[in-house]
Amino acid sequence: MKRNRIKELLKSDATGSEVRVMGWVRTKRQSKNVAFIALNDGSTINNVQIVVDFAKIQEDLLQKIHTGASLSVTGELIESQGSGQKVEVLAKEIIILGEADPDEYPLQPKRHSLEFLREIAHLRFRTNTFSAINRIRHQMIFAIHRFFTEKGFVNIHTPIITASDAEGAGEMFRVTTLDPKNPPLTETGEVDWKADFFGRKTNLTVSGQLEGELAAMGLGEIYTFGPTFRAENSNTSRHLAEFWMIEPEMAFYDIHDNMDLAEEMLKYVIRYILENADDDLSFLSQRLIFEEKGLPQDKRSPFELKEKLRFVLENDFARITYTEAFDILRNSKMNKKKRFQFPVQEWGFDMQSEHERYLVEKHFKKPVIVTDYPKDIKSFYMKLNEDGKTVRAMDILFPQIGEIVGGSQREENLELLIRRMDEMGVPKEEMWWYLDTRKFGSVPHSGFGLGFERLMLFVTGMKNIRDVIAFPRTPKNAEF
RNA sequence: UCCCCUUUAGCUCAGUUGGUUAGAGCAACGGACUGUUAAUCCGUGUGUCCUAGGUUCAAGUCCUAGAAGGGGAGCCA
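Residues numbered from 1 in each chain as written. Chains lettered and ligands numbered in written order. Predicted model: local features only at pLDDT ≥ 70, side-chain atom pairs only at ≥ 80, totals over all residues. Heavy atoms only, no water.

1. Points about the overall build of chain A
Thinking step 1. In terms of regular secondary structure, chain A is built from 14 helices and 16 strands.
Thinking step 2. Referenced to the eigenvectors of the C-alpha coordinate spread, the extents of chain A come out at roughly 85 × 60 × 45 Å.
Thinking step 3. By the burial criterion, 48% of the 480 residues in chain A qualify as buried.
Thinking step 4. As displayed, chain A has an accessible area near 24200 Å², and 49% of this comes from carbon and sulfur atoms. (Helix = DSSP H or I, 4+ residues; strand = E, 2+ residues; numbered from the N terminus. Buried < 20%, exposed > 50% of the residue type's maximum accessible area, 1.4 Å probe, protein only. Areas by Shrake-Rupley, 256 points an atom, 1.4 Å probe, with all protein chains shown as cover.)

2. Notes on the protein's contact with RNA strand B
Thinking step 1. What surrounds RNA strand B is a group of 51 residues, the closest being Arg118, Asn233, Thr236, Gln352 and Arg454.
Thinking step 2. In the model, a base oxygen of RNA strand B is placed 2.5 Å from a nitrogen or oxygen of the Gln49 side chain.
Thinking step 3. In this structure, a base oxygen belonging to RNA strand B sits 3.0 Å away from a side-chain N or O atom of Gln81.
Thinking step 4. Elements with a minimum of two residues in the surface near RNA strand B: strand E1 (18-30), helix H3 (114-119), strand E11 (242-251), strand E15 (402-409) and strand E16 (445-451).
Thinking step 5. Counting residues per element, the surface near RNA strand B draws most heavily on E15, at four residues.
Thinking step 6. Of the residues that constitute the surface near RNA strand B, the class distribution is nine nonpolar, 28 polar and 14 charged. (Near = heavy atom within 4 Å. Polar contact = N/O pair within 3.5 Å; in protein donor to acceptor, adjacent residues only side chain to side chain. Nonpolar A, V, L, I, M, F, W, Y, C, P; charged D, E, K, R; others polar.)

3. Thoughts on the nonpolar core
Thinking step 1. With 65 residues, the main nonpolar core has Met140, Phe148, Met394, Ile396 and Leu450 as its most contacted residues.
Thinking step 2. Counting residues per element, this core draws most heavily on helix H6 (residues 255-276), at 12 residues.
Thinking step 3. Mapped onto the domain boundaries, this core takes at least three residues apiece from domain 1 (6-105) and domain 2 (126-171 + 206-467).
Thinking step 4. Counting 31 residues, the second largest nonpolar core, distinct from the first, contains Ile320, Tyr322, Val370 and Met431. (Core = buried A, V, L, I, M, F, W, Y, C linked by side-chain atoms within 4.5 Å. Domains from an automatic or database assignment.)

4. Quick look at the sheet that holds E11
Thinking step 1. Spatial ordering of the open sheet is given by E6-E10-E11-E16-E15-E14-E13-E12, a layout of eight strands whose pairing is mixed. This sheet does not close on itself; its edge strands, each paired only once, are strand E6 (154-155) and strand E12 (318-321).
Thinking step 2. In this structure, E12 lies alongside strand E13 (residues 368-374), joined through four bridges in parallel fashion. Paired with Ala318 across the bridge in E13 is Val368.
Thinking step 3. Relative to E11, helix H5 (residues 209-219) is tilted by about 30°, and along the sheet it contacts E6, strand E10 (221-229), E11 and E16. (Pairing = 2+ DSSP bridges. Contact = heavy atoms within 4.5 Å. Axes fitted to C-alpha atoms, helices over the stretch in contact; angles between N-to-C directions.)

5. A short note on the environment of Glu99
Thinking step 1. Along the chain, Glu99 falls in the loop between strand E5 (87-98) and H3.
Thinking step 2. Residue classification places Glu99 among the exposed positions, given a relative accessible area of 57%.
Thinking step 3. Leave out the neighbours within four places in its chain, and Glu99 touches Lys64 and Ala69.

6. Structural notes on the pairing of strand E3 (residues 48-53)
Thinking step 1. The buried fraction of E3 amounts to five of the six residues, a majority that puts the element mostly inside the structure.
Thinking step 2. Where E3 meets E5, two bridges bridge the pair, whose relative direction is parallel. Within E5, the position partnered with Val51 by the bridge is Leu90.

Now the structure itself:
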């Protein structure tokens, strides 16, 4: 007999028919003549209720069933006499697939802290919160691929291992097969990287952008969606050493086309989740309300989770230049009353988290796109504006999480690009292939990077990035 | 990496100016209960007080160092 997934079963009105469900026990409630088992198979946040009549099922079997055990239950789908559900399964046969000793099984039918669940990351898929997050995560991945597919973009797998040492996007993880205790040395006593596997120094990628640009210079519009690695010793709720990044790169797009695409994409994905993940979103919304119950009003989320998502959908993102942002910040009450930890004084300063949050959460009260940053605080590949002082960069700032997208129009002029590389000390020799795209048939083009887990934070309402990825990699933590 | 906070039962936490056998709620287990919804009621047990030193007649409590976790900052997506 085939297995019925709980998600479909709960929607079914075929009462009277024989069904088989398999899943993990969430709770068992027992009274004199009857017992109830809440069973979950991961297909939905909702459990199916198994009704156990002691006349039909042996009682010693029932004593072996505890929270966490896995069961195969065959029985009749019946209309529920209780009030919590429409249908339930009246068990005819229960097979225990795997027991779970209650003295050892760490998950209990009660609320656990997220910190505790992180320590048992191998089991936290069995919780409501974590299974909801991961079902939504999948829907998001799917929505992103669908959005770009509908737009005619081509997905490119850029390399995980790169030799490029010039991207300037943070500390990198070295990839090597050399013996760390006894590496081959050159005549001058240095490590001889020529003897390494690739015949040169290699690292895990910190960005697929440069390779993405190469692909766009032929395919037109491409995107990457892959793992990215940063060896920064960052210990915050917004950083991972291994995370997933979406990087579209588009030929013939200027900075405005770029912004339009990013805003359209974010809204598409959010709309998709609202339309396709209502059960899980509703659960996460309730979870958030409960979690924030004890907090003072000003520390709570200003919107309910789904309201927040709808708000993003229904409002245009604010678009301002860095210079406008600077004026808003400098003239703000916060700044005049010296309430910022870092006072806003001189044009050219790099905005701190507190400034970004002020713009998004206090001033505009919606997502903000800041463009045309001073060239000195941005990367070498960004296109220089006519003023010679700013570059065509754009950062999208979201409430609570800060920068969610960073992008720019790229410098397509070979001479200007070389000048910027010289100014910023970027080695040109090993990037000959990148420069070639400006040498042969160069075109205006743009792109951006979107931190997938940061988007997950926003959509799920979770506070710590370690709870929106199955197995977080952070400094001093690679247990699972 | 820097600043602040935390670490006591399976989980969440209390533990007074240092003082005898270290507590609560939940979970678990046993029993009761005609259908429960994180059931309810009664009962039972639970400890490397993070680690290593130190001060003291005496340390869960004070001091030093370290580890892990959390919040914030930097770096960034």
